[in-house]
Amino acid sequence: QVQLAESGGGLVQVGGSLRLSCVASGRTLRFHNMGWFRQAPGKEREFVGMVGWDKNITRYADSVKDRFTVSRDDAKMTAYLQMDSLEPEDAAVYYCASGLKTTGSVSSSRAYSYWGQGTQVTVSS
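Everything numeric here is computed off the predicted structure, so don't read it as measured data.

Student: Any details on the packing of aromatic side chains? Residues and values, ideally.
Tutor: Taken as a whole and judged by the stated rule, the model has five aromatic pairs. Ring geometry for Phe37 and Phe47: centres 5.6 Å apart, planes at 70°, overall edge-to-face. Taken as a pair, Phe37 in strand 4 (residues 32-39) and Phe47 in strand 5 (residues 46-51) lie far apart in primary sequence, 10 residues in all. Taking the relative accessible area as the measure of exposure, Phe47 reaches 12% and is therefore buried. Plain terms: the ring middles of Phe37 and Tyr112 are 5.4 Å apart, the flat faces sit at 75° to each other, and that makes the pair edge-to-face. On the criterion of sequence distance, the pair formed by Phe37 in strand 4 and Tyr112 in the loop between strand 9 (92-100) and strand 10 (114-115) is long-range, its members being 75 residues apart. The pair formed by Phe37 and Tyr112 is uniform in burial state, with each residue classed as buried.

Student: So what's going on with unusual backbone geometry? Which residues, and what values?
Tutor: Within the chain, Lys55 stands out as a residue other than glycine whose phi angle is a positive 65°. When you line up the elements, Lys55 lands in the loop between strand 5 and strand 6 (58-60). At Met77, a position not held by glycine, the phi torsion is positive, near 55°. Within the element layout of this structure, Met77 appears in the loop between strand 7 (68-73) and strand 8 (78-83).

Student: Account for the pairing of strand 7, with residues named and values stated.
Tutor: A one-sided burial pattern is seen for strand 7, the buried positions being Phe68, Val70 and Arg72 and the unburied ones Thr69, Ser71 and Asp73. Taken together, the six bridges between strand 7 and strand 8 define a ladder with antiparallel strand orientation. Note that in strand 8 the partner of Val70 across the bridge is Leu81. Joining the antiparallel neighbours strand 7 and strand 8 is a turn of four residues, in which Met77 adopts a positive phi near 55°.

Student: For the pattern of salt bridges, give the residues involved together with the corresponding values.
Tutor: Inspection of the entire model under this criterion finds six salt bridges. In this structure, Asp62 and Lys65 form a salt bridge, with 3.1 Å as the shortest nitrogen-oxygen distance. The class of Asp62 is exposed, set by a relative accessible area of 67%. Residues Arg67 and Asp90 are paired through a salt bridge, measuring 2.7 Å at the closest nitrogen-oxygen approach. Of this pair, Arg67 sits in the loop between strand 6 and strand 7 while Asp90 sits in the loop between strand 8 and strand 9; the two residues are 23 residues apart in sequence, bridging distant segments of the chain. The class for Arg67 is buried, based on a relative accessible area of 11%. Taken together, the salt bridges that share partners define one network made up of Arg38, Glu46, Arg67, Glu87 and Asp90.

Rules used in this analysis
Residues numbered from 1 in each chain as written. Predicted model: local features only at pLDDT ≥ 70, side-chain atom pairs only at ≥ 80, totals over all residues. Heavy atoms only, no water. Phe/Tyr/Trp six-rings, centres within 6.5 Å; stacked < 30°, edge-to-face > 60°. Helix = DSSP H or I, 4+ residues; strand = E, 2+ residues; numbered from the N terminus. Buried < 20%, exposed > 50% of the residue type's maximum accessible area, 1.4 Å probe, protein only. Pairing = 2+ DSSP bridges. Salt bridge = Lys/Arg side-chain N within 4 Å of Asp/Glu carboxyl O.

So this is what it looks like as structure tokens:
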């Protein structure tokens, strides 16, 4: 089992930045892809970005490309989501997730077995 805990959410103004952290415990993240998803009120959970188990790949949703950066520090068992140039549409609960490397789509929630409890991001205009 892997337990994930997000932190770093909060209130930020349009154009501002936040860095979310996701700390893992319980088992090693070796061979685990780390993903970030978000869910806004009344909307389905959507893929934001991910970093591969070997750090060789990253993927982003078109809506956040060039504004958000996903990274990981396996020595600290932590993944990060750096969010810059935040827009009102970025407001949501953000979830981190982990899953063993897969040949399937890394942007699908089905690729991830473990999920955090989420952290709220609010963007004020």
